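These are the residues of each chain, in order.
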Amino acid sequence: MNPFQPFYNMKIGVVDLSVSSAEVIPLDQEQVSRYLGGAAMNSAILEGYQTDALVFGTGPLTGSFAPASSLMIASFASPIFKRLCHVPLMLRTGPDMKFSGVDYLVVKGTAPEQSILHVNHGKLRILPAGNLQHMPVPEAIRELKKTSPAFQSVILMGPAADRGVPYASVSIGQNGSLDKAGLASLMAAKNLKGIMLGGTDGLPFNRDNPHQGKELEKIISTDKNFKHRGFHSVLKKLEGGKDAGKFFKASRKKDMACYHCPSPCMTHVRYSWQDPRNKEIQNSEEGLLLLDHAGCIALAKKVGKNILPALRACLHYGLDPAAVAEMIPEGGTMLEYLNAIDKVMSDNPPRTTDVPETYRLFGGGIPPILTGDLWEKRIGLAMILGVCPIFLLRFPQITDAALLSFISASEDVLKTMQERLSSAISSLLSPL
Ligand code: SF4
């Protein structure tokens, strides 16, 4: 019996944008047994395609009852870092892809006109992106909700990528992401506006999994990281995070978690502001989901108390706040910052971002909550099994054996999976 069967649809969607074709092929069982999933499987799948292919993949635990099973991974040759990168995408993207009937999605070629994919019930559709090009991200999402087939999650590139700005970053819904490796730029090069995931189906998983999930939650519930929740709880652990945290003044806050995450590290904030470019409009109230710790620290260092409107401007355009921070001067007014962000869009300056090599492999946005070997191994584990990498950095007491035991209780199977997981993590990390 294949222990992965209840965890996967055992299907790969393959789209060739250049000829507008889409098919669903079986997932290779041998390959899954060898690489388990996630970034390791994505790499193996990519080998069978041309170098400009892009693979979105899940891990065996994505969408399951394992805690923080929210992860999807995009793997591609990064046009920014000039190497293979694996970008983590959280919130509901991973579960929604699985619950749309495919475990992996390969995107080949370039569409003759800007297109958007819709996936649901194991079927792939390539649709024209219509008037979405150059539309700010929140507006584009509103438009999609009105005009497209229903979806639970959407991964979108914004007007920054439309214009070829190398600071572009994909957005999950209107919330931004940890893409600092040019996933948005590659999608723009393919004329791929986004991917909508219907997410209306499900998978059986194993009968004991809900109980196992609760047991793991019990283990971490006494950890101080479990009690200290929200965006600030991670921010303050990072260099410059305590200083940055002072600027996130909001009228209302609510900690938010991704799919099946028992300990949120994101916070939704509401704030009121006056747009200095339009003084006729009274103060308006806005809401933002804070999820990019490294990006927010970098931007707050430059714009101080103007962080929320500046971050909002980045997210509207689909820009990486960390990369934008390198382009804007310190000590300005809100008007100067907003104009500087507009100028990044209009001037399209060359990219200078210097992300340390260690973090490039995994997209440049996963915060250094742990460092060195420990960071790499925890991220490798997360990116193969489909569990959030930030969660596994925050809770190092969750072992690889505990996670693998969701897939099988058999000692022999566990031993084999453990060996294969170690080898898959080593291969993933070996380019570093
Ligand atoms: S740790 Fe944060 S990013 Fe990860 S699943 Fe939980 S809320 Fe989402």
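Because the structure is a prediction, the values reported are computed rather than measured. (Residues numbered from 1 in each chain as written. Predicted model: local features only at pLDDT ≥ 70, side-chain atom pairs only at ≥ 80, totals over all residues. Heavy atoms only, no water.)

### A short note on the packing of aromatic side chains
Condition: Centres within 6.5 Å are what make two rings of Phe, Tyr or Trp a pair, Trp counting through its six-membered ring; a difference in plane orientation under 30 degrees is then read as stacked, over 60 as edge-to-face, and the rest as tilted. Here a helix means four or more residues in a row that DSSP labels H or I, a strand means two or more in a row labelled E, and each is numbered from the N terminus. For each residue, the accessible area found with a 1.4 Å probe, counting protein chains only, is set against the maximum for its type, and the residue is called buried under 20%, exposed over 50%, and partly exposed in between. Geometrically, a lysine NZ or arginine CZ counts as sitting over a ring once it is within 6 Å of the ring centre and also within 35 degrees of the ring normal.
Per the counting criterion, the structure on display carries 11 aromatic pairs. Taking 4.6 Å as the distance between ring centres and 85° as the angle between the ring planes, the aromatic pair formed by Tyr359 and Trp375 counts as edge-to-face. Here the residue Tyr359 occupies a position in helix α15 (residues 357-360), and Trp375 occupies one in helix α16 (residues 372-385), the gap between them amounting to 16 residues. You can call Tyr359 buried: its relative accessible area is 16%. We classify Trp375 as buried; its relative accessible area is 1%. Each residue in the set Phe7, Phe65, Phe99, Phe205 and Tyr259 is aromatic and connected to the rest through ring pairs, giving one cluster. Between Arg229 and the ring centre of Phe226, over which it is positioned, the NZ or CZ distance is 4.9 Å.

### Side note on the packing of helix α12 (residues 307-317) against helix α14 (residues 334-347)
This is how the line gets drawn: Axis definition: a line fitted to C-alpha atoms, over the contacting stretch in the case of helices. Angles run 0 to 180 degrees between N-to-C directions. Here the word oblique covers every angle except those under 35 degrees (roughly parallel), over 145 (roughly antiparallel) and from 65 to 115 (roughly perpendicular). By convention the crossing between two helices is left-handed if the near helix lies anticlockwise of the far one by an angle smaller than a right angle, and right-handed if it lies clockwise. Only heavy atoms enter the contact rule, under which two residues are in contact if any of them lie within 4.5 Å.
Interaxial distance between α12 and α14 falls to 10 Å at its minimum, and their mutual angle equals 20°. Judged on the interaxial angle alone, α14 and α12 are roughly parallel. In this structure, the crossing between α12 and α14 has a hand that is right-handed. Residues Pro309, Ala310, Ala313, Cys314 and Tyr317 of α12 form the contact with α14, whose participating residues are Met334, Leu338, Ile341, Asp342 and Met345.

### Topic: the pairing of strand β2 (residues 21-26)
To keep it simple, the criterion reads: The pairing criterion for strands is at least two bridges between them, as found by DSSP.
Looking at chain direction, strand β1 (residues 11-16) and β2 are connected through 6 bridges and run antiparallel. Residue pairing across strands places Gly13 opposite Val24, the latter belonging to β2.

### Regarding the domain arrangement of the chain
Cut-off, in case you're wondering: In this document the domain limits rely on a domain assignment from an automatic tool or a database. What gets called buried area is simply the loss in accessible area from a 1.4 Å probe that two parts show on being joined, summed for both. Any carboxyl oxygen of Asp or Glu within 4 Å of a side-chain nitrogen of Lys or Arg constitutes a salt bridge here. Under the rule applied, a polar contact is a pair of N or O atoms within 3.5 Å (in protein, one hydrogen donor and one hydrogen acceptor; residues adjacent in sequence only if both atoms are side-chain atoms). Three classes are used: nonpolar for Ala, Val, Leu, Ile, Met, Phe, Trp, Tyr, Cys and Pro, charged for Asp, Glu, Lys and Arg, and polar for all others, with Gly counted as polar.
Domains assigned within the chain are domain 1 (5-204 + 360-429) and domain 2 (229-347). A straight line from the C-alpha centre of domain 1 to that of domain 2 covers 25 Å. Each partner contributes to the interface: domain 1 provides 38 residues, whereas domain 2 provides 31 residues. Taking both sides of the interface into account, the surface hidden between domain 1 and domain 2 amounts to around 2700 Å²; carbon and sulfur atoms contribute 67%. It is Tyr167, Lys180 and Arg394 that lose the most area in domain 1 upon contact with domain 2, and together they represent 24% of the buried surface on that side. Our count for the contact surface shared by domain 1 and domain 2 stands at 2 salt bridges. Of the charged contacts, one joins Asp292 and Lys180 as a salt bridge, the two residues approaching to 2.7 Å between their closest N and O atoms. Our count for the domain 1 to domain 2 interface comes out at 11 residue pairs in polar contact (both at pLDDT 80 or more). Among the elements that line the side of domain 1 that touches domain 2, the one with the most residues is helix α17 (residues 389-394), at 3 residues. Residues that form the side of domain 1 that touches domain 2 fall into these classes: 23 nonpolar, 10 polar and 5 charged.

### Regarding unusual backbone geometry
A positive phi angle, close to 50°, is found at His121, a residue other than glycine. Relative to the helices and strands, His121 resides in the loop between β7 (115-120) and β8 (123-128). One non-glycine residue, Phe205, adopts positive backbone phi at about 55°. Turning to its location among the elements, Phe205 is positioned in the loop between β11 (192-197) and α7 (209-220).

### Some thoughts on the environment of Ile126
Here Ile126 shows up in strand β8. A sequence separation of 299 residues divides Ile126 from Ile425, and the C-alpha atoms of the two residues are 34 Å apart. Look past the residues within four positions of Ile126 in its chain and what remains in contact with it is Val15, Asp16, Leu17, Ser20, Ser21, Ser115, Ile116 and Leu117.

### With respect to the pairing of strand β13 (residues 266-273)
In the case of a regular strand, side chains alternate between the two sheet surfaces. Summarising the sheet, strand β12 (residues 252-256) and β13 pair through 5 bridges and their orientation is antiparallel. Its bridge partner lying in β13, Asp255 is registered against Thr267. Across 7 bridges, the pairing between β13 and strand β14 (residues 284-290) is antiparallel. Following the sheet pairing, His268 is matched in β14 by Leu289.

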